[in-house]
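Here is how the chains run, residue by residue.
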Amino acid sequence: MQRHDVVVVGAGLAGQRAALAAAQAGADVALVSKLHPLRSHSGAAQGGINAAVGAEDSVETHIYDTVKGSDYLGDQDAIEFFCQSAGPTVVEMEHFGTIFSRGEDGSLARRAFGGAGFPRTIYAADRTGLALLQAIYEHLGGVPVTTYEEWFLLSIVVRDGRVQGIVALDRRTGAVEGIAAKAVVIATGPAGRVYGRTTNAHSCTGDGIAAAYRAGAYLKDMEFVQFHPTALLESGILITEGARGEGGYLKNRLGERFMSKYAPHVLELASRDVVSRAIVTEVNAGNGFPGGYVTLELMHLGREKVESRLQEICDFSRSFAGIDPVTQPIPVMPAQHYMMGGVGTNIRGETNLRGLYAAGEAACVSIHGANRLGGNSLLETLVFGKQAGTAAAAYAKDAPDAAVTPADVDRETAALHALEDRKDGESPQRIRADLQQTMDSRVGIYRNPDDLHRALVEVRALQARWRAVRVEDRSSTYNIDLTDALEVGHLLDLAEVIAVGAIARTESRGAHTRVDFPKRDDQNWMRHTMARRTPEGPELSYAPVAYTRWEPKERVY
Amino acid sequence: MFAEEKLIPVPFDVYRFDPAQGGEPRYQHYELKLAPHTPVLSGLLKIRDEVDPTLALRYSCRSAICGSCAMLVNSKSRLACRTPVGPEVAKHGRVVIDPMRNQPVLRDLVVDQRGFWSNYRRIEPRLLLDPSRPMPEGRPTQMTPAQVDRFRETPRCIACASCYSACPAVEADPEFPGPMALAKLYRFVVDPRDGAHDERLRKVQLSGLWLCLRCHLCTEACPKDVRPSERIRDLKELAVRSQGATERGSRHAVGFLENIAEAGQLNEMKLVRQTDGLVGTVGQLGQGLRLARKKPELLKKPRTIDGVEEVRKLYEALQKDEEVPL
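All values derive from a computational prediction rather than experimental measurement.

## Things to note about the overall build of chain A
Right, so step 1: For chain A, the helix and strand inventory stands at 17 helices and 21 strands.
Right, so step 2: Against the compact-globule benchmark of 24 Å for 557 residues, chain A has a radius of gyration of 22 Å, which places it among compact chains.
Right, so step 3: Dimensions along the principal axes, computed over C-alpha positions, put chain A at roughly 65 × 50 × 50 Å.
Right, so step 4: Sorting the 557 residues of chain A into buried and exposed places 67% on the buried side.
Right, so step 5: Across chain A, the fraction of contacts at a sequence separation of at least 24, relative to all contacts at a separation of at least 6, is 73%.
Right, so step 6: The positive charge centre, built from 59 side chains, and the negative charge centre, built from 69, are 2 Å apart in chain A.

Here it is, written out as structure tokens:
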């Protein structure tokens, strides 16, 4: 059995930042990830990272924009801390070696983003996530951290009222091993693959969120799912909000910049929930192009600007859609993009379980509330990754020794064997396809009670089918059939929480739009959904929203 | 946009091998019907989802940014997610899939990348600060767009190892760090924040830089247009300029250049001496004599060609144009 003070699960930006912070605090740190760290989905973030560093901008405005963007579900104390940390975080990443784009005067270049009062999104062309991921990985290379590359999390061990470590599968050898740790930080990213039409990587299956939920942690605000307005029509590949920030237009079949009807002041740069709803409304009203889509136009920006600031977008559009954005409109439709919800934490990354921490998209502090602003997620990974790593190391310093027992390991080994020994049963891939079909068609942008209830019934039927899932592959080496089955199990748990939360929340707020309750209801619903696992399914309770200075107002863009 | 495309038959032949299970590597045949613009990765995932879940491969983002799904598509190192099947079928009649080269196969299309990553770590891929030049307190460093341009295409690298797979020097010589590692090194050597430029250039001259064969297969294989071979060329120039010619490869290159500038053609005897020094040349005497017996003119000092002035002018002009800014 391996043993460390702090085990960080997930090696994207949040995980690596947590590992760095914990190591700098003197802890013996392990970083466990099912992918090589540089393959993490943080690298796919395109547009940028927010920090109010411009002369005309202010931290105060960043806070206000984030509170408003959250549709008043974000915790204002956390948002204040978050925005105040933005400048130092960006400076630190620059010092770690991030290659940001620059203005003529040598300062960090900034672009406009949706829902923001000023251009405050600092970027590296249209691959900001990759630039940050490379820099933190490089920096972490000079710090003593033990890395378990391509290890898959099976469970979080909790005993005596506190975390004892994890059990994980070495994908290369098929070995199941315990890693004892006084503190565990979950930074495994989102569960976007609950949906079929998603910008998320195939690996975004919520493994850490599900493991935390199974271990007894509260999941918070899971019904709030962000749909990015502009994803490529067929593949769902992301086209950054930066494309609109640089001046791109959204147009319908009639050639109208239809956002003037929905956000007369800022048009295409309204926040994402607003733009996604507008696109779906247009298409449903018959104003979409045949096949049901709208277009994103960049042609008027000129070749130079498009090719220099949106290099990846040019590449994606050309190779994945056969479109040259310099000369042609890009067909787009919204796609699942981000989960505002996650493992519930406070500002230090602490969960309700002693020794368990979470950060990044896997966590919910909450700073995004009901809708995240573009440019705030990269910032969140770094600010709260550091918080969680620091807190985990401090806790581990005084915590009693932790132990993962042979019985803990045997339980997981037996569960894997049960999957592999089954003679008949369904393939995990079949179940996954049906789950994605359900979530795409019934738990999307506009939600009605019939569909939500049916979705829940279907998800529960899929859970029953999953209990008889069959893994055909018998190999101990890179058995993806096996990890597929485990991932689908995670997705099913989380889909259930999303559906239950969405049924219960009888209002429309941010990304959660109930057609039968079209108004925000601050009286009854300005509160966080907290879901705890029981044998009968998720049990919901509610927690107050922390608010300091910003009274809820109607959101107009 | 891709018009409504007709599905075409796509025959896949996929390399299968599981050393843990024993047996020999083999190709497994799958027949799919796909639209021509369908990425190879989508085809492989369709095989996994609908036909054969035992096929092992790495993949994640499916949008050419995570670098997971590099493999050989009809013998070329490619990202499966951004290689459409249509042109492959049109050209080769089928889609033959193999694991990447220069990395041992762990299973099917999954290769052991530990060698690739350890070569990358050899170049010390992180900013090394000069203590006399600390980062500005509480604010970012200033860097002009021109300074950012000096990174060239290297920030686009996604470490997919396509270049490493395509590189014959990697195959031939374990000393050679590979195209990705050297492109990464270049990225640090031109970074104004880094404080170890000279030390990096000194080390790399002695650890394989000159083993590059200049075949440009890495640049051909790179899905992100990083152009590693050009960055290797730049590194060579920077290394010689910073350190002088300190080992065989660079001495050979510099000697070559001097020969041509002097006479307009090579002086083979002199070049050997320039490359290997007096002692090294003695070791090559046997071979030299055998050569001289066949081509006695090699022993004579070559005459200076007519128009050598022109050659020198060309050199000067080229040096001005091509100089790597630092």
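## A look at the interface of chain A and chain B
Right, so step 1: At the junction of the two partners, chain A supplies 67 residues and chain B supplies 61 residues.
Right, so step 2: Counting each side, the surface lost to burial between chain A and chain B is near 5200 Å², with a carbon and sulfur contribution of 52%.
Right, so step 3: Broken down residue by residue, the surface that chain A buries against chain B is led by Arg39, Ile99 and Glu138 of chain A, which jointly contribute 15%.
Right, so step 4: Linking chain A with chain B are eleven salt bridges, by the criterion used here.

## A closer look at helix H5 (residues 128-140) of chain A
Residue and element names in this part refer to chain A.
Right, so step 1: The end-to-end C-alpha distance of H5 is 18 Å, a good match for the 18 Å that 13 residues give at a rise of 1.5 Å each.
Right, so step 2: The buried fraction of H5 is high, at twelve of 13 residues.
Right, so step 3: Considered for burial, the residues of H5 that qualify are Thr128, Gly129, Leu130, Ala131, Leu132, Leu133, Gln134, Ala135, Ile136, Tyr137, Glu138 and Leu140.

## Details of the nonpolar core
Nonpolar side chains in soluble globular proteins tend to be buried together.
Right, so step 1: Val6, Ile49 and Met259 of chain A together with Phe12, Val40, Leu44 and Ile97 of chain B are the most contacted members of the largest nonpolar core, which has 177 residues in total.
Right, so step 2: It is helix H12 (residues 376-398) of chain A that provides the largest number of residues to this core, a total of eleven residues.
Right, so step 3: Both domain 1 (8-111) and domain 2 (114-130 + 147-243) of chain B contribute no fewer than three residues apiece to this core.
Right, so step 4: Other than its neighbours up to four places away in sequence, Val40 of chain B contacts Phe12, Val73, Ala80, Thr83, Val85, Val95 and Ile97 of chain B.
Right, so step 5: Among the nonpolar cores identified, the runner-up in size contains 75 residues, and Val32, Val404, Leu435 and Val500 of chain A belong to it.

## Let's talk about the state of the cysteines
Right, so step 1: Applying the stated rule across the entire model yields zero disulfides over all chains.
Right, so step 2: In this structure Cys364 of chain A is a free cysteine whose sulfur lies 16 Å from that of Cys83 of chain A, the closest cysteine sulfur available.
Right, so step 3: Cys167 of chain B provides the cysteine sulfur closest to Cys215 of chain B, a residue in no disulfide bond, and the two sulfurs are 6.2 Å apart.

## Here we look at the side chain of Gln436 of chain A
Residues and elements named next belong to chain A.
Right, so step 1: For Gln436, the location among the structural elements is in helix H14 (residues 428-442).
Right, so step 2: Among the residues examined, Gln436 registers a relative accessible area of 14% and is labelled buried.
Right, so step 3: Leaving out residues up to four positions away in the same chain, Gln436 has contacts with Arg193, Val194, Tyr195 and Gly196.

## Notes on the pattern of salt bridges
Right, so step 1: Taken as a whole and assessed by the stated rule, the structure comprises 80 salt bridges over all chains.
Right, so step 2: Across the pair Glu150 of chain A and Arg58 of chain B runs a salt bridge, and its minimum N-O distance is 2.7 Å. One end of the pair, Glu150 of chain A, is in the loop between strand S6 (146-149) and strand S7 (151-159); the other, Arg58 of chain B, is in the loop between helix H1 (40-51) and strand S3 (70-73), on a second chain.
Right, so step 3: Since its relative accessible area comes to 15%, Arg58 of chain B is described here as buried.
Right, so step 4: Between Asp516 of chain A and Arg514 of chain A there is a salt bridge, with its nearest N and O atoms 2.9 Å apart.
Right, so step 5: Exposure remark for Arg514 of chain A: the relative accessible area of 4% places this residue in the buried category.
Right, so step 6: Sharing partners across several salt bridges, the network here consists of Asp71, Glu223, Asp273, Arg277, Arg505, Glu507, Arg509, Arg520, Asp522 and Arg555 of chain A.

## Observations concerning the domain arrangement of chain B
All names here are of chain B.
Right, so step 1: Along its sequence, chain B is carved into domain 1 (8-111), domain 2 (114-130 + 147-243) and domain 3 (248-322).
Right, so step 2: Computed over C-alpha atoms, the centres of domain 2 and domain 3 are 28 Å apart.
Right, so step 3: Contact residues are listed per partner, giving five residues for domain 2 and five residues for domain 3.
Right, so step 4: A buried area of about 360 Å², summed over both sides, lies between domain 2 and domain 3, and 61% of it is on carbon and sulfur atoms.
Right, so step 5: When the area that domain 2 buries against domain 3 is broken down by residue, the three leading residues are Trp210, Glu237 and Val240, summing to 76%.
Right, so step 6: Here domain 2 and domain 3 share zero salt bridges between them.
Right, so step 7: Scanning the region where domain 2 abuts domain 3 turns up one residue pair in polar contact (both at pLDDT 80 or more).
Right, so step 8: If one sorts the elements of the side of domain 2 that touches domain 3 by residue count, helix H10 (residues 228-243) sits on top with three residues.
Right, so step 9: Residue composition of the side of domain 2 that touches domain 3, grouped by class: two nonpolar, one polar and two charged.

## Description of the side chain of Thr483 of chain A
Right, so step 1: Mapping Thr483 of chain A onto the fold places it in helix H16 (residues 480-504).
Right, so step 2: The class of Thr483 of chain A is buried, set by a relative accessible area of 3%.

## Description of the sheet that holds strand S4 (residues 110-111) of chain A
Residue and element names in this part refer to chain A.
Right, so step 1: Taken together, the three strands give an open sheet; going across it, the order is S3-S5-S4, and neighbouring strands pair in antiparallel fashion. Single-partner strands in this sheet number two, and they are strand S3 (49-50) and S4.
Right, so step 2: Note: S3 against strand S5 (residues 121-122), two bridges, orientation antiparallel. For Asn50, the partnering residue across the bridge sits in S5 and is Thr121.

## Things to note about the sheet that holds strand S14 (residues 330-339) of chain A
All names here are of chain A.
Right, so step 1: Across the sheet, four strands lie side by side as S11-S14-S13-S12; this open sheet has antiparallel pairing. The outermost strands of the open sheet, each flanked by one partner alone, are strand S11 (225-232) and strand S12 (249-251). Sheet twist, expressed as the average angle between the axes of neighbouring strands with direction ignored, equals 45 degrees.
Right, so step 2: In the packing of helix H9 (residues 272-284) onto the sheet, contacts are made with S11, S12, strand S13 (294-297) and S14, and the angle to S11 comes to roughly 60 degrees.

## Section: helix H11 (residues 248-263) of chain B
Residues three or four positions apart in an α-helix share a direction because the helix packs 3.6 residues into each turn.
Residue and element names in this part refer to chain B.
Right, so step 1: Taking 1.5 Å per residue, 16 residues should reach 22 Å; H11 reaches 22 Å between its end C-alpha atoms and fits that length.
Right, so step 2: The set of residues buried in H11 consists of Gly249, Ser250, Gly255, Asn259, Ile260 and Ala263.
Right, so step 3: Residue Glu247 occupies the N-cap position of H11, its side-chain oxygen lying 3.0 Å from the main-chain nitrogen of Gly249.
Right, so step 4: Backbone geometry just downstream of H11 places Gly264 in the positive-phi region, at approximately 85 degrees.

## What about the packing of helix H1 (residues 13-24) of chain A against H5 of chain A?
Residue and element names in this part refer to chain A.
Right, so step 1: Close contact between H1 and H5 brings their axes to 10 Å; oriented N to C, the two are set at 25 degrees. With respect to each other, H1 and H5 are oriented roughly parallel. Regarding H1 and H5, the two cross each other, and that crossing is left-handed. Here H1 contributes Leu13, Gln16, Arg17, Ala19, Leu20 and Gln24 to the contact with H5, which in turn contributes Leu132, Leu133, Ile136, Tyr137, His139 and Leu140.
Right, so step 2: A per-class count over the contact of H1 with H5 returns eight nonpolar, three polar and one charged.

Thresholds, definitions, all that
Residues numbered from 1 in each chain as written. Chains lettered and ligands numbered in written order. Predicted model: local features only at pLDDT ≥ 70, side-chain atom pairs only at ≥ 80, totals over all residues. Heavy atoms only, no water. Helix = DSSP H or I, 4+ residues; strand = E, 2+ residues; numbered from the N terminus. Rg over C-alpha atoms; globule rule 2.2 N^0.38 Å. Buried < 20%, exposed > 50% of the residue type's maximum accessible area, 1.4 Å probe, protein only. Contact = heavy atoms within 4.5 Å. Lys, Arg positive; Asp, Glu negative; His and termini not counted. Charge placed at Lys NZ, Arg CZ, Asp CG, Glu CD. Buried area = accessible area lost by both parts, 1.4 Å probe. Salt bridge = Lys/Arg side-chain N within 4 Å of Asp/Glu carboxyl O. Expected span 1.5 Å × (residues − 1). Core = buried A, V, L, I, M, F, W, Y, C linked by side-chain atoms within 4.5 Å. Domains from an automatic or database assignment. Disulfide = S-S within 2.5 Å. Polar contact = N/O pair within 3.5 Å; in protein donor to acceptor, adjacent residues only side chain to side chain. Nonpolar A, V, L, I, M, F, W, Y, C, P; charged D, E, K, R; others polar. Pairing = 2+ DSSP bridges. Axes fitted to C-alpha atoms, helices over the stretch in contact; angles between N-to-C directions. Parallel < 35°, antiparallel > 145°, perpendicular 65-115°, else oblique. Left-handed = near helix turned anticlockwise from the far one by under 90°.

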